[in-house]
Amino acid sequence: TYEFILLAIKGKKPFGTSHKDVIEMPPDRERIHAAQKPTVLYEELLTRSCLPGDKVLDPCRGSGTIFAASDKVKVGATGIEFDESMAGCCKIMMRYVDP
C-alpha cells in the first residue's frame, strides 16, 4: 500500500537537497490510531523540509506523532484533531519552545 504526501512551502524558503521520490517505511506496530504513521517517517520529512526553530501544522493530528518527531528535530508543532477520543493520547505535547 502507499500514501501520498503533500508538501507546501510559504515564500522563497530554500528547500534542502534532492531526495528519492519514494520513502519506504514499515508501519508502526503499536498503533493507537488507524492512520498512525511511524515517528521516524515524520522525523525524515521534517528533516528534509524544516530547519530547527521552524513551525509546522498537522491539521489531522491523530495520535500526535508530529509532536514526538518535531521534538527530536527541534521544530515547533501545532496539531488539530476532530476526534475527541484522541484528545488525551499524545505523550509529548509541544515541549520544544522557540529560543
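If you're wondering where the values come from, they're calculated on a predicted model, not measured in any experiment.

Chemist: So what exactly am I meant to see when it comes to the pattern of salt bridges here?
Modeler: Once their charged atoms are close, side chains differing in charge can pair, the charge on each being opposite to the other. Considering all chains together, one arrives at two salt bridges under this definition. Here lysine 72 makes a salt bridge to glutamate 43, at a shortest N to O gap of 3.5 Å. Of this pair, lysine 72 sits in helix H2 (residues 65-72) while glutamate 43 sits in helix H1 (residues 39-49), and the two are 29 residues apart along the sequence. Assessed through its relative accessible area of 18%, glutamate 43 is described here as buried. Ionic pairing is found between arginine 48 and glutamate 44, a salt bridge with its closest N-O pair at 2.7 Å. With arginine 48 and glutamate 44 both in helix H1 and four residues apart, the pair spans about one turn of that helix. For glutamate 44, a relative accessible area of 30% translates into the label partly exposed.

Chemist: Got a minute to help me understand the pairing of strand E1 (residues 55-58) in this structure?
Modeler: For a regular strand, side-chain orientation follows a simple rule: the groups alternate between the two sheet faces. The alternating pattern of E1 places Val56 and Asp58 on a buried face and Lys55 and Leu57 on a face that is not buried. One ladder, built from four bridges, connects E1 with strand E2 (residues 76-79); its direction is parallel. Bridge assignment links valine 56 to a residue of E2, and that residue is alanine 77. Crossover connection from E1 via H2 to parallel E2: handedness right-handed.

The rules behind the values
- Residues numbered from 1 in each chain as written.
- Predicted model: local features only at pLDDT ≥ 70, side-chain atom pairs only at ≥ 80, totals over all residues.
- Heavy atoms only, no water.
- Salt bridge = Lys/Arg side-chain N within 4 Å of Asp/Glu carboxyl O.
- Helix = DSSP H or I, 4+ residues; strand = E, 2+ residues; numbered from the N terminus.
- Buried < 20%, exposed > 50% of the residue type's maximum accessible area, 1.4 Å probe, protein only.
- Pairing = 2+ DSSP bridges.
- Right-handed = clockwise from strand over helix to strand, strands pointing away.

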